[in-house]
Amino acid sequence: MCGIVGYVGQRDASSVLIRGLRLLEYRGYDSAGVAVLTNGDFALRRSVGKLQNLEDLLAESPATGHSGIGHTRWATHGRPSEANAHPHRAGRVVLIHNGIIENFLALRAELRANGRDFSSETDTEIIAHLIDGYLSDGDDLAAATRRAIARLEGSFAIVVMSVDEPGRLVAAKSATPIVIGLGDGENFVASDIPALLDYTRDMLFLEDGEMAEIDSSGVRVSEFDGTVVERDPRRITWDPVTAQKGGYKHFMLKEIHEQPQAIIDTMRGRLLLEDGDIFLDDFDLGKEWWKDVERMDLIACGTAWHACLVGKFFIEKFARIPCNVDYGSEFRYREPILDERGLLVVVSQSGETADTLAAVEEARRKGVRSAAICNVVDSSITRRADAVLYTHAGPEISVASTKAFVTQLTALLLMALFLGRRRGTLSAEECRELIEAMVHLPSPLREALALAPSIETMARRYVKAENFLYVGRGLNYPIALEGALKLKELSYIHAEGYPAGELKHGPIALISETMPVVVLLPKNGSFAKTLSNMKEVESRGGQIIVVTDVEDDEIDQVARDVIRVPSVHPMLMPILLSLPLQLLSYYVAEHRGTDVDQPRNLAKSVTVE
Ligand code: M6R
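Residues numbered from 1 in each chain as written. Predicted model: local features only at pLDDT ≥ 70, side-chain atom pairs only at ≥ 80, totals over all residues. Heavy atoms only, no water.

Caption draft 1: Just the overall build of the chain, in detail. Counting its regular elements, the chain contains 20 helices and 27 strands. Taking 25 Å as the expected radius of gyration for a compact globule of 609 residues, we find that the chain reaches 25 Å, a close match to that expectation. Seen through its C-alpha atoms, the chain measures out along the principal axes to roughly 75 × 55 × 45 Å. Of the contacts formed within the chain by residues at least 6 apart in sequence, a portion of 70% connects residues at least 24 apart. When the accessible area of the chain is evaluated, it comes to approximately 22,700 Å², of which 47% is carbon and sulfur surface. (Helix = DSSP H or I, 4+ residues; strand = E, 2+ residues; numbered from the N terminus. Rg over C-alpha atoms; globule rule 2.2 N^0.38 Å. Contact = heavy atoms within 4.5 Å. Areas by Shrake-Rupley, 256 points an atom, 1.4 Å probe, with all protein chains shown as cover.)

Below, the structure is given as structure tokens:
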């Protein structure tokens, strides 16, 4: 959820940058900074915490000039600190970056071997050093940037400036958004449209694999290989709300598409790939608190409760701590057995859900430690719990939860790995393998999202359905529950989720030609068993929709529709499988004409019991 702003023109650059960063404030951040070209060098101002801290710093120590770059950061590689805040400087270059550089360890080692020193723990700083190195070879800024990005793996949006080319910004994009705002004798660059709407409505959007050279009189767009791109600007007529929807028809669709970035934001600064460990310094329950945890209670409501069901798998597998999962509304009334060897973890997007909050209060009354996995900073639940692990999903405006859910799954996995490493139930090697899989997860998630047009077409076939079943096994069973909840909430079609093995114990009586059954069929240890369950449905005439990462003719013969997703680590499958199910619910609802963002009878935060 980092924010990027850049400016070149005649105005006071600091003011433009701060104004743009303010308009991106809703995305959240832990530090911010600007670099402004002043008298032939960069004035770099950075501070931790609120944007106001940066403004105070600029009031004390102004950065005066007409071109510059600014950034708000959520910590990724390296903790929130002034040294880790952007912009980063290396020699003649300053640079801001959104995204994650996956091969940064190898690049940093190479740069160190070439005598480069680093002043931060970030992956970003290596990009600045690469570019500065290529400038020393005699390249201009655009050529040096081109050479540097050819070395990068991962996702990035960068904006870079050099002291040698005053009044010039170079931006590059790969999988993370960049928009260029066109003015009269001035130009802008940002990560998001709302940051620029105060200044211009004429925008150029960079595509993946493209760069832009920007000065006050024009913009030159090219592909990473140098091929020039001719692109007409678009005039953005969106009102501020549509701008916030990013041009999507609904907030829900925007939020579905934000999920690869959202889970990156949940992982930021928490993965220690080299050590095979998880870093949770913002989650503090006291000295070595993990040693004496003998059981855990995971409490939540709705979608967050489904996340807890998956979390139980993660925690029991990696940390070997027995876990109980309960609804907030049930837990508080059933005289739960709680004692000081337990840890109560509540999961909530809003941090305001009354029944979940009551569970934290129950824990406090009984002197039991409590922790929250939460999205909304400083919400009631986060203020009551002893420790908080923020999901950093950014604002979720659609009532139906999507990115909050996958980030809750991610946070629960981080917690399980953290506990497993501390308690000696998970080796560094096993943890490293999972961390690597997590770092690579955004790409398959994007591939799954690219299935949206075919899912939209498929959804038309089910608009008239009156009932749906969803089945899955193991840690994907809660995803079947979540898929059914999403469909109910959005389309008002009755839907139920079941463990696939439970079908024959009753629900199979419901199967007929009018019953769509969504089967979650990933390649894992229970693949063959779930396949047999699917055949049981087929022989009773059910309309099967399979979501699978397996290429197998048998599946195609049995199923009416197949949604084929990429393969990922089995522990990450619940995250991946959630996406096509969200899209299916979204498009069925859209075709039925329901109010997707604000379904009837529902509220975003349920503050009543
Ligand atoms: O804010 P919370 O995560 O505590 O909210 C819990 C549920 O009310 C919420 O997940 C609800 O089920 C959503 N509408 C699901 O899409």
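Next comes the rest of the write-up.
Caption draft 2: Structural context of the site of the ligand. Close contacts around the ligand come from 13 residues, with Ser348, Gln349, Ser350, Thr353 and Glu489 the closest. Note that an oxygen atom of the ligand is positioned 2.6 Å from one of the backbone N or O atoms of Gln349. Within the side chain of Lys486, a nitrogen or oxygen atom sits 2.9 Å from an oxygen atom of the ligand. When the free accessible area of the ligand is taken as 410 Å², the share hidden by the protein chains comes to 91%. Each residue belonging to the shell around the ligand can be placed in one class, and the counts come to 4 nonpolar, 7 polar and 2 charged. (Near = heavy atom within 4 Å. Polar contact = N/O pair within 3.5 Å; in protein donor to acceptor, adjacent residues only side chain to side chain. Nonpolar A, V, L, I, M, F, W, Y, C, P; charged D, E, K, R; others polar.)

Caption draft 3: Looking closely at the domain arrangement of the chain. Partitioning the chain into domains gives domain 1 (3-237), domain 2 (243-440) and domain 3 (452-592). The C-alpha-based centres of domain 1 and domain 2 are spaced at 32 Å. (Domains from an automatic or database assignment.)

Caption draft 4: Examining the pairing of strand S13 (residues 218-223) more closely. Where strand S12 (residues 210-215) lies against S13, 6 bridges are found, and the strand directions are antiparallel. Within the sheet, the bridge partner assigned to Glu210 lies in S13 and is Glu223. Counted along the chain from S12 to the antiparallel partner S13, the turn is 2 residues long. In this sheet, strand S14 (residues 228-229) lies alongside S13 in antiparallel orientation, the contact comprising 2 bridges. Its bridge partner being in S14, Val221 is matched across the sheet by Val229. (Pairing = 2+ DSSP bridges.)

Caption draft 5: Geometry of the sheet that holds strand S15 (residues 234-235). With antiparallel pairing, the 8 strands of this open sheet are ordered in space as S3-S2-S4-S1-S10-S9-S11-S15. If you trace the sheet from one side to the other, it starts and ends with strand S3 (41-48) and S15, each paired once. The pairing of strand S9 (residues 179-182) with strand S11 (residues 202-205) spans 3 bridges and is classified as antiparallel. The partner of Val179 across the bridge, within S11, is Phe205. Where helix H1 (residues 13-23) meets the sheet, it contacts strand S1 (3-8), strand S2 (31-38), strand S4 (67-73) and strand S10 (187-190), and its direction lies at approximately 155° from that of S1. Those strands touched by helix H2 (residues 51-60) are S2, S3 and S4, and its axis lies near 140° from that of S3. (Axes fitted to C-alpha atoms, helices over the stretch in contact; angles between N-to-C directions.)

Caption draft 6: Inspection of the pattern of salt bridges at higher detail. Taken as a whole and assessed by the stated rule, the structure comprises 40 salt bridges. Across the salt bridge formed by Glu274 and Arg108, the nearest N and O atoms sit 3.8 Å from each other. Of this pair, Glu274 sits in the loop between strand S16 (271-272) and strand S17 (277-278) while Arg108 sits in helix H3 (residues 104-113), and the two are 166 residues apart along the sequence. You can call Arg108 buried: its relative accessible area is 13%. The network of salt bridges with shared partners includes Arg146, Glu165, Arg168, Glu213, Asp215 and Arg220. (Salt bridge = Lys/Arg side-chain N within 4 Å of Asp/Glu carboxyl O. Buried < 20%, exposed > 50% of the residue type's maximum accessible area, 1.4 Å probe, protein only.)

Caption draft 7: Highlighting the nonpolar core. Ranked by size, the top nonpolar core spans 99 residues in total, and within it Met296, Phe468 and Tyr470 carry the most contacts. Taken domain by domain, the makeup of this core includes at least three residues from each of domain 2 (243-440) and domain 3 (452-592). Residues Val5, Ala43, Leu54 and Ile236 belong to the second largest nonpolar core, which totals 29 residues. (Core = buried A, V, L, I, M, F, W, Y, C linked by side-chain atoms within 4.5 Å.)

Caption draft 8: Here's a closer look at the sheet that holds strand S5 (residues 88-90). Taken in spatial order, the 7 strands make up an open sheet running S5-S6-S7-S8-S12-S13-S14, and their pairing is antiparallel. A strand with exactly one partner marks an edge of an open sheet, and here the two such strands are S5 and S14. The sheet strands contacting helix H4 (residues 124-136) are S5, strand S6 (93-101) and strand S7 (154-162), and the helix crosses S6 at an angle near 135°.

Caption draft 9: Summary view of helix H11 (residues 354-365). End to end, H11 covers 16 Å across 12 residues, agreeing with the expected 16 Å (1.5 Å per residue, within 8%). Residues of H11 that are buried: Ala354, Asp355, Thr356, Leu357, Ala358, Ala359, Val360, Glu362 and Ala363. Of the residues trailing H11, Gly367 is marked for its positive phi of about 70°. (Expected span 1.5 Å × (residues − 1).)

Caption draft 10: Expanded view of the pairing of S12. The buried fraction of S12 is high, at 5 of 6 residues. Here strand S8 (residues 169-174) pairs with S12 via 5 bridges, running antiparallel. By the bridge assignment, Leu169 is partnered in S12 with Ile214.

Caption draft 11: Fine view of unusual backbone geometry. Backbone torsion omega between His86 and Pro87 reads -5°, so that peptide bond is classified as cis. Mapping Pro87 onto the fold places it in the loop between S4 and S5. Look at Asn601: it is not a glycine, yet its phi comes out positive at around 65°. Relative to the helices and strands, Asn601 is located in the segment after helix H20 (573-592). Note on Asn601: relative accessible area 76%, which makes it exposed.

Caption draft 12: Spatial organisation of the packing of helix H9 (residues 302-318) against helix H17 (residues 477-491). At a minimum axis separation of 9 Å, H9 and H17 run at an interaxial angle of 170°. Regarding the angle of H9 to H17, the classification is roughly antiparallel. Two secondary-structure elements touch here, H9 through Gly302, Thr303, Trp305, His306, Leu309 and Val310 and H17 through Pro478, Ile479, Leu481, Glu482, Leu485 and Lys486. Split by residue class, the contact of H9 with H17 holds 7 nonpolar, 3 polar and 2 charged. (Parallel < 35°, antiparallel > 145°, perpendicular 65-115°, else oblique.)

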